[in-house]
Amino acid sequence: MDRYVMITGAAGGLGKALAAEYAERGHPVFLTDVDPRRLEAFGAGLERLVDVDVVCRPCDLTDERAVEAMWSWIGANGFVFDGLLNVAGAGGDGRFDKLEAGRARAILKVNIEALVTMTRRVLEHRAQGAVLRIVNIASLGCFAPMPLKSVYAASKRFVYDFSIALHEEMRGTDVSVMAVCPAGMPTNPVRVKSVNECQGVMGLLTEKNVGWVAKRIYERSSSGRAVYVPGRLNVLLRFLSKLIPARAKARLLGRRWERAAELMRN
Amino acid sequence: MDENRKTTVVTGATSGIGFETARQLAAGGMDVIGIGRSAEKCGLAEKSISSGSPGPRIRYVVADLSSLASVRAAAAAVKPLLPGGRLDRLIHNAATVSNWYIGTEDGYELQFAVNYLAAFLLTRELFPCLARPEDARVITVSSGSHRRTEINWDDPMLRKAYGCLKAYKQSKLALVLFTLELNRRVAARFPLRALGVEPGLVDTGLGEKNTGGLVRAYWRHRRKKGLGPAEAAAFIVRLAAGPAAEVAHDYWRLGRPIEPSPYARRVDAALRLWQLTEKMCGVEFL
């Protein structure tokens, strides 16, 4: 049986780019996403271009029963994995008291619960005799408390800490765990507008093309590092973030996102 | 009902060169079907052209040309509008730019998908209708920027090393390769010809789609020096409506027959691109 790389959030911007990156390099991929129609369209497009097996299985990772059903199906069909890319993530911009009901909880469920569950389950279905590489997509936002993205940024901090802890636990075994902390990646016209028109110079300097980030993640995933921050300036920002007190960072970033939100409204 | 009335499909027909082309062709007595992405803009354009002169027949079909499924749906929506299932002119004008790599629904790069893939697939889907008239023409709106570039075979979507202009140039080169290859494939089999035309610099909003910062500022400055969209469209209209003998050449810069880049004339590259495109669209064509 082939060894698959499982990619969650595979019909989103980074998910698509990573799926293409891995499949083009000869890794069979097992793709899952909450949106069945988008997943099918993307899976069909990818399958036509690559020589490896592309398996698509839509799943709402916030629905425990759906997740269990997917893993039962995986077990019954004998799929085994040498990679897991936890890409699925949710965000929600705006003041906490203005978030729509259930939004905060949905962010926690995708970004934290689902990620932990998938990590746990892939360990049970790993390919014997192969290194298992787990890549968790955190965010550059995990290095600071972020007003207007408070739940999101804190949930990504969880991903970051969890991944490093797991990396340490697994040291010396054939399981590698890496947290990736990318800055924003404009992957659709709305995000493109946000970066191009509303985030000023910092947006343009920190944001990276998603295809390039996918390529770098692939290359870095076998480096044995615990953390990867794509982009030199972003590495510097992470370093600076260690020197600035949390409240000062929050104030700085709060102003930045206020301004961006203001411009987006116009 | 005039039996001799011809029907034209124009993509990207809600603004810029495409809108003007649709307007002028309709005013000149052709039936025009415009394709646009925004239902609102399609409605406005239809209204504007309908009120322009007595009796122009213009209709719009809404489609997002970045999606292969949507291109197929557009073709399916166009077919019932064609009198006798006959299409005389297909004008591939729609184009976009983006300074960021955007993956489409099918996982392909946005500029490649809109500027080139959509043209290939739409031509293929409408081909049975294009094969009916005596003198069908497929006109692709190319660009001088197809010169001094090549197809990046290692990474045709330019995913790993994306550049706005690089992707734009490649998509336009692909369009020219397609145009010339289409002629080779239909030659002596179908009474259809493909014409490429580059309008040069035209004062449209093209460079402001999905861009910002320097790219946008530069385009805003540069577009002012361009030809008006109506003037540029007039040349496309001539290629579409003029007598066959006057448009015997296969590649034009405005009203002047010229040579495309040597790479665009390469038969091996055209064949390879055609095969790749068939694969990407999941179809066979000619």
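Residues numbered from 1 in each chain as written. Chains lettered and ligands numbered in written order. Predicted model: local features only at pLDDT ≥ 70, side-chain atom pairs only at ≥ 80, totals over all residues. Heavy atoms only, no water.

(A) The arrangement of the overall build of chain A in detail. Counting its regular elements, chain A contains ten helices and seven strands. Here chain A has a C-alpha radius of gyration of 18 Å; the compact-globule value for 266 residues is 18 Å, and the two agree. If you line up chain A on its principal axes, its C-alpha atoms span 50 × 40 × 35 Å. Within chain A, buried positions represent 52% of all 266 residues. For chain A, restricting intrachain contacts to residue pairs at least 6 apart in sequence, the fraction spanning at least 24 positions comes to 71%. Averaging the positions of the 38 positive and the 28 negative side-chain charges in chain A gives two centres separated by 9 Å. (Helix = DSSP H or I, 4+ residues; strand = E, 2+ residues; numbered from the N terminus. Rg over C-alpha atoms; globule rule 2.2 N^0.38 Å. Buried < 20%, exposed > 50% of the residue type's maximum accessible area, 1.4 Å probe, protein only. Contact = heavy atoms within 4.5 Å. Lys, Arg positive; Asp, Glu negative; His and termini not counted. Charge placed at Lys NZ, Arg CZ, Asp CG, Glu CD.)

(B) Spatial organisation of the overall build of chain B. Per the secondary structure count, chain B includes eight helices and eight strands. Here the C-alpha radius of gyration of chain B, 17 Å, is about what a compact globule of 286 residues would show, namely 19 Å. In terms of principal-axis extent, the alpha carbons of chain B reach across some 55 × 45 × 35 Å. Within the span of chain B, comprising 286 residues, buried residues form 60% of the whole.

(C) Seen up close, the pattern of salt bridges. With the rule as written, the count across this model stands at 36 salt bridges over all chains. A salt bridge links Glu 24 of chain A to Arg 159 of chain B, with the nearest nitrogen and oxygen atoms 3.0 Å apart. Of this pair, Glu 24 of chain A sits in helix α1 (residues 13-24) while Arg 159 of chain B sits in the loop between β5 (136-141) and α5 (164-186), which puts the two residues in different chains. The class of Glu 24 of chain A is partly exposed, set by a relative accessible area of 38%. (Salt bridge = Lys/Arg side-chain N within 4 Å of Asp/Glu carboxyl O.)

(D) Expanded view of the side chain of Arg 126 of chain A. All names here are of chain A. Structurally, the position occupied by Arg 126 is in the loop between α4 (103-124) and β5 (132-137). With relative accessibility at 18%, the residue Arg 126 sits in the buried group. Setting aside residues no more than four positions away along its own chain, Arg 126 makes contact with Val 80, Phe 81, Leu 132, Asp 174 and Val 175.

(E) Quick look at the packing of aromatic side chains. On inspection of all chains with the given rule, the structure shows 20 aromatic pairs over all chains. Measuring from centroid to centroid gives 5.9 Å for Tyr 101 of chain B and Tyr 162 of chain B, while their planes differ by 85°, and the two rings are edge-to-face. One end of the pair, Tyr 101 of chain B, is in the loop between β4 (89-92) and α4 (110-130); the other, Tyr 162 of chain B, is in the loop between β5 and α5, and 61 residues separate them in sequence. Among the aromatic residues, ring-to-ring pairing joins Phe 112, Tyr 116, Phe 120, Phe 127, Phe 178, Phe 190, Trp 274 and Phe 285 of chain B into one connected group. One Lys or Arg, Arg 57 of chain A, reaches over the ring of Trp 73 of chain A and ends 4.6 Å from the middle of that ring. (Phe/Tyr/Trp six-rings, centres within 6.5 Å; stacked < 30°, edge-to-face > 60°. Lys NZ or Arg CZ within 6 Å of the ring centre and 35° of its normal.)

(F) Examining the interface of chain B and chain A more closely. In this complex, chain B contributes 24 residues to the contact, which on the side of chain A involves 30 residues. Of the roughly 2,200 Å² buried between chain B and chain A on both sides combined, carbon and sulfur atoms contribute 52%. Interface area lost by chain B to chain A is led by Trp 100, Arg 159 and Lys 160 of chain B, which between them contribute 37%. The interface formed by chain B and chain A contains four salt bridges. Between Lys 160 of chain B and Glu 21 of chain A there is a salt bridge, and its shortest N-O distance comes to 3.2 Å. (Buried area = accessible area lost by both parts, 1.4 Å probe.)

(G) Structural detail: the pairing of β4 of chain B. Residue and element names in this part refer to chain B. Here β4 shows two buried faces, one formed by Arg 89 and Ile 91 and the other by Leu 90 and His 92. In this sheet, β4 lies alongside strand β1 (residues 7-11) in parallel orientation, the contact comprising three bridges. Each bridged residue has a counterpart across the sheet, and for Thr 8 the counterpart in β4 is Arg 89. Summarising the sheet, β4 and β5 pair through four bridges and their orientation is parallel. Residue pairing in the sheet places His 92 in a bridge with Thr 140 of β5. Each parallel crossover has a hand, and for β4 linked through α4 to β5 it is right-handed. (Pairing = 2+ DSSP bridges. Right-handed = clockwise from strand over helix to strand, strands pointing away.)

(H) Spotlight on the confidence of the model for chain B. The predicted model of chain B averages 95 in pLDDT, with 97% of residues at 70 or higher. Scored as a complex, the prediction yields pTM 0.95 and ipTM 0.93. (pLDDT = per-residue confidence, 0-100.)

(I) View of a nonpolar patch on the surface. All names here are of chain A. Taken together, Val 201, Met 202, Leu 205, Leu 233, Leu 236, Phe 239, Leu 240, Leu 243 and Ile 244 make up a surface patch of nonpolar side chains, about 790 Å² in accessible area. When residues of the nonpolar patch are traced back to their parent elements, those giving at least two are α7 (200-206) and α9 (232-243). The element contributing the most residues to the nonpolar patch is α9, with five residues. Mapped onto the secondary structure, Leu 243 falls in helix α9. According to the relative accessible area criterion, Leu 243 is exposed, its value standing at 58%. (Patch = residues over 30% accessible without salt bridge, like charges linked within 9 Å, V, L, I, M, F, W, Y side chains within 5 Å. Areas by Shrake-Rupley, 256 points an atom, 1.4 Å probe, with all protein chains shown as cover.)

(J) View of the sheet that holds strand β1 (residues 3-8) of chain A. Residue and element names in this part refer to chain A. Read from one edge of the open sheet, seven strands run β3-β2-β1-β4-β5-β6-β7, paired in parallel fashion. The open sheet terminates on both sides in strands that have one partner only, identified here as β3 (54-56) and β7 (227-228). Across the face of the sheet, α4 comes into contact with β1, β4 (80-86), β5 and β6 (175-180) while running at roughly 165° to β4. (Axes fitted to C-alpha atoms, helices over the stretch in contact; angles between N-to-C directions.)

(K) Molecular detail of the packing of helix α3 (residues 64-76) of chain A against α4 of chain A. All names here are of chain A. Interaxial distance between α3 and α4 falls to 12 Å at its minimum, and their mutual angle equals 20°. Taken together, the axes of α3 and α4 are roughly parallel relative to one another. Here the hand of the crossing between α3 and α4 comes out right-handed. Contacts from Glu 64, Val 67, Glu 68, Met 70 and Trp 71 in α3 reach Glu 113, Thr 117, Met 118, Arg 121 and Val 122 in α4. Of the residues in the contact of α3 with α4, the class split is five nonpolar, one polar and four charged. (Parallel < 35°, antiparallel > 145°, perpendicular 65-115°, else oblique. Left-handed = near helix turned anticlockwise from the far one by under 90°. Nonpolar A, V, L, I, M, F, W, Y, C, P; charged D, E, K, R; others polar.)

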